[in-house]
Amino acid sequence: MIRTESPNHILLYRQLFHQYIVDMRAKIESERLLYIKLNQQKLRVKDTLSERCHNQRYGNITHIGRMVILPETYISSPRHMHEYAQDAMTYVRSYGRPDLFIIFRCNTAWSKIKEELAHRQLPEDRHDLIARVFRQKLIKLTDIVTKSCIYGEVNC
């Protein structure tokens, strides 16, 4: 957050700020993975689909060490991606093929991005700001398409 009464120096340090963001993201991910590793019994049932597939492919897994299974809630895990693929197939089966394929790109010259930059800052120096503005505009576009019905009634 930008505070007007005191300067936030980390936002002005460009590459150091980028490195800080990457380091914090890596720290968060490692903590999440450690929690998942230490709480396997709470997060899953004993016999899961991936364990059964692994047993069929490689035999008994007791001799290879402790297996850690990522839950469906862990983004980009195989189980998460499988769930997304199943959801997409269900939509196609229920509603038919999609009618629209919309590509939405970010423009770093958007006025909302330019207004928030500090003196002598470039849009490339503030990835956090670009991501936040892009997400706001994407949500607005989704609302326009789904609620305003500009392309017709939305089924799904």
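Please read these numbers as outputs of a predicted model, since none were measured by experiment. (Residues numbered from 1 in each chain as written. Predicted model: local features only at pLDDT ≥ 70, side-chain atom pairs only at ≥ 80, totals over all residues. Heavy atoms only, no water.)

Enquirer: Tell me about the overall build of the protein, residues and numbers included.
Expert: Along its length, the protein carries six helices and zero strands. Mapped from its N terminus to its C terminus, the protein presents α and β elements in the order α-α-α-α-α-α. In the protein, which comprises 156 residues, the proportion classed as buried is 17%. Restricting the contact set of the protein to residue pairs at least 6 apart, pairs at least 24 apart contribute 49%. Element-wise, carbon and sulfur atoms account for 56% of the exposed surface of the protein, whose accessible area totals about 13000 Å². (Helix = DSSP H or I, 4+ residues; strand = E, 2+ residues; numbered from the N terminus. Buried < 20%, exposed > 50% of the residue type's maximum accessible area, 1.4 Å probe, protein only. Contact = heavy atoms within 4.5 Å. Areas by Shrake-Rupley, 256 points an atom, 1.4 Å probe, with all protein chains shown as cover.)

Enquirer: Summarise helix 1 (residues 15-38); cite the residues concerned and give the values.
Expert: Under the 1.5 Å per step criterion, the end-to-end length of helix 1 is 35 Å for 24 residues, consistent within 8% with the ideal 34 Å. Where the residues of helix 1 are buried, they touch helix 2 (40-43) and helix 6 (127-147). (Expected span 1.5 Å × (residues − 1).)

Enquirer: Just give me the short version of the packing of aromatic side chains, but keep the residues and values in it.
Expert: Overall, the coordinates contain two aromatic pairs when judged by the stated rule. Taken together, a centroid distance of 5.4 Å and an interplanar angle of 35° make the contact between Phe104 and Phe134 tilted. Here Phe104, found in the loop between helix 4 (78-95) and helix 5 (111-116), pairs with Phe134, found in helix 6; they are 30 residues apart in sequence, far enough to count as distant. Among the aromatic side chains, those forming a connected cluster through ring pairs are Phe104, Trp110 and Phe134. Its end group placed over the ring of Trp110, Lys137 keeps NZ or CZ at 4.8 Å from the ring centre. (Phe/Tyr/Trp six-rings, centres within 6.5 Å; stacked < 30°, edge-to-face > 60°. Lys NZ or Arg CZ within 6 Å of the ring centre and 35° of its normal.)

Enquirer: Describe a nonpolar patch on the surface, and please don't skip the residues or the numbers.
Expert: Taken together, the side chains of Leu100, Ile102, Ile144, Ile150 and Tyr151 make up a nonpolar region of the molecular surface, amounting to roughly 480 Å² of accessible area. Among the structural elements, Ile144 can be located in helix 6. Residue class for Ile144 comes out partly exposed when judged on its relative accessible area of 33%. (Patch = residues over 30% accessible without salt bridge, like charges linked within 9 Å, V, L, I, M, F, W, Y side chains within 5 Å. Salt bridge = Lys/Arg side-chain N within 4 Å of Asp/Glu carboxyl O.)

Enquirer: Report on unusual backbone geometry, specifying residues and quantitative values.
Expert: The phi dihedral of Arg120 falls on the positive side, at around 65°, and the residue is not glycine. Mapped onto the secondary structure, Arg120 falls in the loop between helix 5 and helix 6.

Enquirer: Could you give an account of the nonpolar core, naming the residues involved and the relevant values?
Expert: Counting residues in hydrophobic clusters, the biggest one holds six residues: Trp110, Ile113, Leu117, Leu129, Ile130 and Val133. With residues up to four places along the chain from it excluded, the contact list for Val133 reads Trp110, Lys112 and Ile113. (Core = buried A, V, L, I, M, F, W, Y, C linked by side-chain atoms within 4.5 Å.)

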